[in-house]
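Topology and contacts: notes
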Amino acid sequence: MKRMIFLLVALASITATAQTSGALLPDTVERTVTLGNVIVTAQQREQQLLDIPTAISSVGAALLENTHTTTMEQLAAFVPGLNVNVQTPHRPSLSIRGLTSDEVSPTAQPRVSVYYNGVPTSRASMSLAELYDMERIEVLKGPQGTLFGRGAQIGAISLVTKKPVSAFGGYVSAGLGNYAAKETEAAINLPVIRNKLMFRLAGLYSYQDGYVRNLSGGLLNGKNTVGGRLSGMWLPSEKFSLGLVINYQSDDNPGTAFMSKRYPNSRGESDIFKYEASLDEQKEWFNKRSVVGGSLNLRYAISEHYSLSGLTSYYRNGVDHRWDGDGSIAPAIDMAEYVDASQFSQELRFSFAPNERLEGFVGAGYWRESVEQKYWFGPNEQYMAFLIFQMPQYMIGPDGVVGFPMPTVPNDPQLGPLAGLPLPTDHEEESVDGARNQASDLFADVTYAILPNLKLTAGLRATYESYVTSREAYMIGNTPSMLGNLLGSAPNFFFAPTAYTEIRKSFWSAIYRANLLYEIDDRSNIFGGYARGRRPNVLQFNSAGQSEIMNSESVHSFDLGYKLASQHRLWLDATLFYQLYNNFQTSKWDGANYLIADAGRATSYGLEITAKAALNDYLELFGNYAFIHARFDDTDSNGDPQEYAGNTFRLTPEHSFSIGLSAKVRLSSKLHLQFTPTYSWKSRIWFEDSNDQQPEDPSLARLEQPAYGLLNANLALRYIPQNLSLSIFAHNALGERYLIGAGNTGMMFGVPTYVPGSPRMIGAKLRWQFGD
């Protein structure tokens, strides 16, 4: 880490020295480094970033391009307090200030809300998006329910794509990289009627071979993504506008490399960072996902001070995912998941600003969701038995060769009539969970200038929610499970047979916020605030098919911050936060199901800092730091000891930082060179709230990632007359070895699996920008 900091400082010094010797851009050439006013719409109206009375980070299109940031995982490095882990595209783990959103129950609502051009796409299976043709990404920290709905319990990620404009233009880019990477991206802006009707088309194709080789055949942890977007804008008059966005993304990726450390691969190798797995033979593993939908945005300006707007959206999402749950060549845990989800939302909003002291909005919203989530399980019980009878050492030998199967139940008198009975190899079963979720909202958010330099912002959202969830579980075919007789789930193994059953429940709730902003001068301010966040009650079924209704989770959040924007050369913001949780909804294994459980009370507090400095006209430095102390309390609300007392929230580094620089050099009057290296670092991360370390084999079962850092770099050569650029980029340039997941399905059988992060990725990209 010290070497990386030294490298970046040295590069900054070299650039500054080159400037004094005349090697950099003279005053007559376009300058790229100036920190202008950043406009955001976090409070549902256009404002300068400095004027927002809450913790917010904004990442613009220029930074995304200059750092070759194309995914939400890479984006997280530029936002203090945000962490994004992706094992599969339909189950990303989005974490803000330590609270993770990766719900598994169809009725469980997100804690971190994802909005795509103002439209909620927060369900885990549809939240992940490729970052192409973006205008900016805004990340708000702390409860944002009054602004972004009930799913923004601890924060919101707002993705804003580029809108059509009344000028012809666009860009085309194409790139190649290691692991057979291919990347193509394009956008074109088409004005049909000048200043009246315009469209923008954008598309993406991104492919990369898997970086983990499955010695049983095929590759794992790869990428094959296609995306497309149509945006339209109609302005029939000065008062009326109609916006349209239609978006599509399809992921047809190879399977995830859930790898075992207990069992070696077929070469006898147990080091997962050799990037060679041995999963079940003659099987195909895959991650398939599709997201398609659109939105219609209408706005009518009643007058200069009042306006009406409406936003209508519909999105549909499908998932088909199959994985090897034990991470070994033995055919023990073979599972698949299918998801079919749809969401409809409608919002009406009246905005007002009658004078310089008062502005805000009131409105109403309706949201409806339909979800079907199906799990398939097909074990070979002649190998599964080694795990059930706690004899995992006999399933695979130390040389990676599969052991002899266990054809019958052990002939042990303690097993009664089951002793000696044959174990099946072709049992199959399925569990189908469904949900119909809907909510109606009334909301208001108002800012009032108490004094010329003191503003109060307050918001309220009242919600009526209705949930219906169902469960059905059954055996497929005619081969019953034998081991299910020991687990109490016969004739199934995982999912106890359950006739179609429904749970229905409705709730009223209210969330609110209040913030004060004091303007020290026209360049700086301080702000403080309180907000209440809430995650709704969860309806679910346990492994025995019995229904459960979990209490709603609530958080009381307090912020105190400072912001400075000095002469377009310096930006600094720092926020202290303190958060109290009740009925903390953790996820844990219950028999064969990964369910929501009440972990009691918890507390988190910390500090977030972002800084940007344009040292001169040619050199910019930027960085951020986050300290998050997120722990479960020692006792619950009744004073009783808690199971996770003192444990750290999962996927939460206590310390993290990112630093970088952007420097531009003139090679000639037509050729410019821009270099943007970044280095990000995180302290230890636990992958489960239980902070598991199984005592029988700690070296294999420790579910954590020690501190690590990633160095990325992008070098762009630009030919100014033709708006051409050639970029060479590297992600994880030093080849750091790190995990993006641990535990997973195999953990409940004593064989946790681990997913290695990407090795060094390098490539080159050619980009042409055209137009008026």
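Residues numbered from 1 in each chain as written. Predicted model: local features only at pLDDT ≥ 70, side-chain atom pairs only at ≥ 80, totals over all residues. Heavy atoms only, no water.

Within the chain one finds eight helices and 44 strands. On C-alpha atoms alone, the chain measures out to a radius of gyration of 27 Å, which is about the 28 Å that the 2.2 N^0.38 rule sets for 772 residues. Overall, the C-alpha framework of the chain stretches about 90 × 55 × 55 Å when taken along its three principal axes. Considering the chain as a whole, with its 772 residues, one finds that 57% of them fall into the buried category. Contacts in the chain between residues far apart in sequence, at least 24 positions, make up 69% of those at least 6 positions apart. Accessible surface, the chain as shown: approximately 30600 Å² in total, 56% of it carbon and sulfur. The positive charge centre, built from 64 side chains, and the negative charge centre, built from 75, are 8 Å apart in the chain. (Helix = DSSP H or I, 4+ residues; strand = E, 2+ residues; numbered from the N terminus. Rg over C-alpha atoms; globule rule 2.2 N^0.38 Å. Buried < 20%, exposed > 50% of the residue type's maximum accessible area, 1.4 Å probe, protein only. Contact = heavy atoms within 4.5 Å. Areas by Shrake-Rupley, 256 points an atom, 1.4 Å probe, with all protein chains shown as cover. Lys, Arg positive; Asp, Glu negative; His and termini not counted. Charge placed at Lys NZ, Arg CZ, Asp CG, Glu CD.)

Our focus in this paragraph is the side chain of asparagine 317. Summarising the element assignment, asparagine 317 is placed in strand S21 (residues 306-324). Since its relative accessible area comes to 0%, asparagine 317 is described here as buried. Within the structure, the side chain of asparagine 317 is placed 2.5 Å from the side chain of serine 125, a separation counted as a polar contact. Those residues in contact with asparagine 317 that sit more than four places away from it in its chain are Ser125, Met126, Arg289, Ser290, Val291, Val339, Asp340 and Ala341. (Polar contact = N/O pair within 3.5 Å; in protein donor to acceptor, adjacent residues only side chain to side chain.)

What follows covers the pattern of salt bridges. Scanning the entire structure with this criterion turns up 30 salt bridges. A salt bridge links arginine 97 to aspartate 559; its shortest N-O distance comes to 3.2 Å. Residue arginine 97 is located in the loop between strand S5 (93-96) and strand S6 (99-101), and its partner aspartate 559 is located in strand S30 (residues 553-566); the two are separated by 462 residues in the primary sequence. Residue aspartate 334 pairs with arginine 322 through a salt bridge whose shortest N-O separation is 2.6 Å. Residue aspartate 334 is located in strand S22 (residues 334-355), and its partner arginine 322 is located in strand S21; the two are separated by twelve residues in the primary sequence. Of the two residues, aspartate 334 and arginine 322, both sit in the buried class. (Salt bridge = Lys/Arg side-chain N within 4 Å of Asp/Glu carboxyl O.)

Turning our eyes to something else, we now look at the packing of aromatic side chains. The final tally for this structure, using the stated rule, is 32 aromatic pairs. Where phenylalanine 584 meets phenylalanine 632, the ring centres are 4.9 Å apart and the plane angle is 75 degrees; that geometry is what we call edge-to-face. On the criterion of sequence distance, the pair formed by phenylalanine 584 in the loop between strand S31 (570-582) and strand S32 (585-590) and phenylalanine 632 in strand S35 (residues 619-632) is long-range, its members being 48 residues apart. The exposure classification of phenylalanine 584 matches that of phenylalanine 632, with both residues buried. It is arginine 322 that lies over the ring of tryptophan 285; its NZ or CZ is 5.4 Å from the centre. (Phe/Tyr/Trp six-rings, centres within 6.5 Å; stacked < 30°, edge-to-face > 60°. Lys NZ or Arg CZ within 6 Å of the ring centre and 35° of its normal.)

So, about the sheet that holds strand S18 (residues 259-260). Across the sheet, three strands lie side by side as S18-S43-S42; this open sheet has antiparallel pairing. Every interior strand has two partners, whereas the edge strands, S18 and strand S42 (739-743), have only one. In terms of strand pairing, S42 meets strand S43 (residues 753-756) through four bridges, oriented antiparallel. Pairing of alanine 742 across the sheet is with tyrosine 754, part of S43. (Pairing = 2+ DSSP bridges.)

As a further point, take helix H6 (residues 381-388). With eight of eight residues buried, H6 lies mostly within the body of the structure. Looking only at H6, the buried set comprises Glu381, Gln382, Tyr383, Met384, Ala385, Phe386, Leu387 and Ile388. Of the surrounding elements, those touching the buried residues of H6 are helix H7 (484-487). Between a side-chain oxygen at the N-terminus of H6 and the backbone nitrogen of glutamine 382 the separation is 3.0 Å; the capping residue is asparagine 380. The first or second residue beyond H6 is glutamine 390, which carries a positive phi of 55 degrees.

So, about the pairing of strand S17 (residues 240-254). In this sheet, S17 lies alongside strand S16 (residues 223-234) in antiparallel orientation, the contact comprising ten bridges. By the bridge assignment, glycine 228 is partnered in S17 with tyrosine 248. Counting the residues that bridge the hairpin from S16 to S17 gives five residues. Note: S17 against strand S20 (residues 286-301), 15 bridges, orientation antiparallel. Residue leucine 242 lies in a different strand from S20, and its bridge partner there is leucine 298.

To continue, consider the sheet that holds strand S14 (residues 212-214). The three strands lie next to each other as S15-S14-S19, forming an open sheet whose pairing is mixed. Each having just a single partner strand, strand S15 (219-220) and strand S19 (276-277) make up the two edges of the open sheet. Bridge analysis of S14 against S19 gives two bridges, and the strand direction is parallel. Within S19, the position partnered with arginine 213 by the bridge is glutamate 276.

Moving on, we come to the environment of phenylalanine 344. Relative to the helices and strands, phenylalanine 344 is located in strand S22. Through-space distance from the C-alpha of phenylalanine 344 to that of valine 119 is 9.6 Å; in sequence the pair is 225 residues apart. In this structure phenylalanine 344 touches Thr312, Ser313, Tyr314, Tyr366, Trp367 and Arg368, once residues within four positions along its chain are discounted.

This brings us to unusual backbone geometry. A cis geometry characterises the amide bond from alanine 490 onward to proline 491, with omega recorded as 5 degrees. With respect to the element layout, proline 491 can be found in the loop between H7 and strand S26 (498-521). Unlike most non-glycine residues, alanine 180 shows phi in positive territory, near 55 degrees. The phi angle at asparagine 221 is positive, at roughly 60 degrees, despite the residue not being glycine. Among the residues examined, asparagine 221 registers a relative accessible area of 13% and is labelled buried.

Moving on, we get to the confidence of the model for the chain. Taken over all residues, the pLDDT of the chain has a mean of 89, while the share at 70 or more is 91%. Note that residues 2-36 has pLDDT below 50 and, in this model, 62 contacts with residues that lie over four places away or in other chains. (pLDDT = per-residue confidence, 0-100.)

Here we come to a nonpolar patch on the surface. A contiguous nonpolar surface patch, about 670 Å² in accessible area, is contributed by Val172, Leu667, Leu717, Tyr719, Leu724, Leu726, Leu766 and Trp768. Mapped onto the elements of the fold, leucine 766 is located in strand S44 (residues 761-771). Residue class for leucine 766 comes out partly exposed when judged on its relative accessible area of 46%. (Patch = residues over 30% accessible without salt bridge, like charges linked within 9 Å, V, L, I, M, F, W, Y side chains within 5 Å.)

With 57 residues, the main nonpolar core has Val212, Ile333, Met384, Leu387, Met395, Phe493 and Phe749 as its most contacted residues. In terms of residues, this core owes the most to one element, H6, which gives six residues. Ignoring anything within four residues of it in the chain, the contact list for phenylalanine 493 reads Phe377, Glu381, Met384, Ile388, His427, Glu429, Ser481, Leu483, Gly484, Leu487 and Phe749. Among the nonpolar cores identified, the runner-up in size contains 46 residues, and Ala76, Val79, Val339 and Ala602 belong to it. (Core = buried A, V, L, I, M, F, W, Y, C linked by side-chain atoms within 4.5 Å.)

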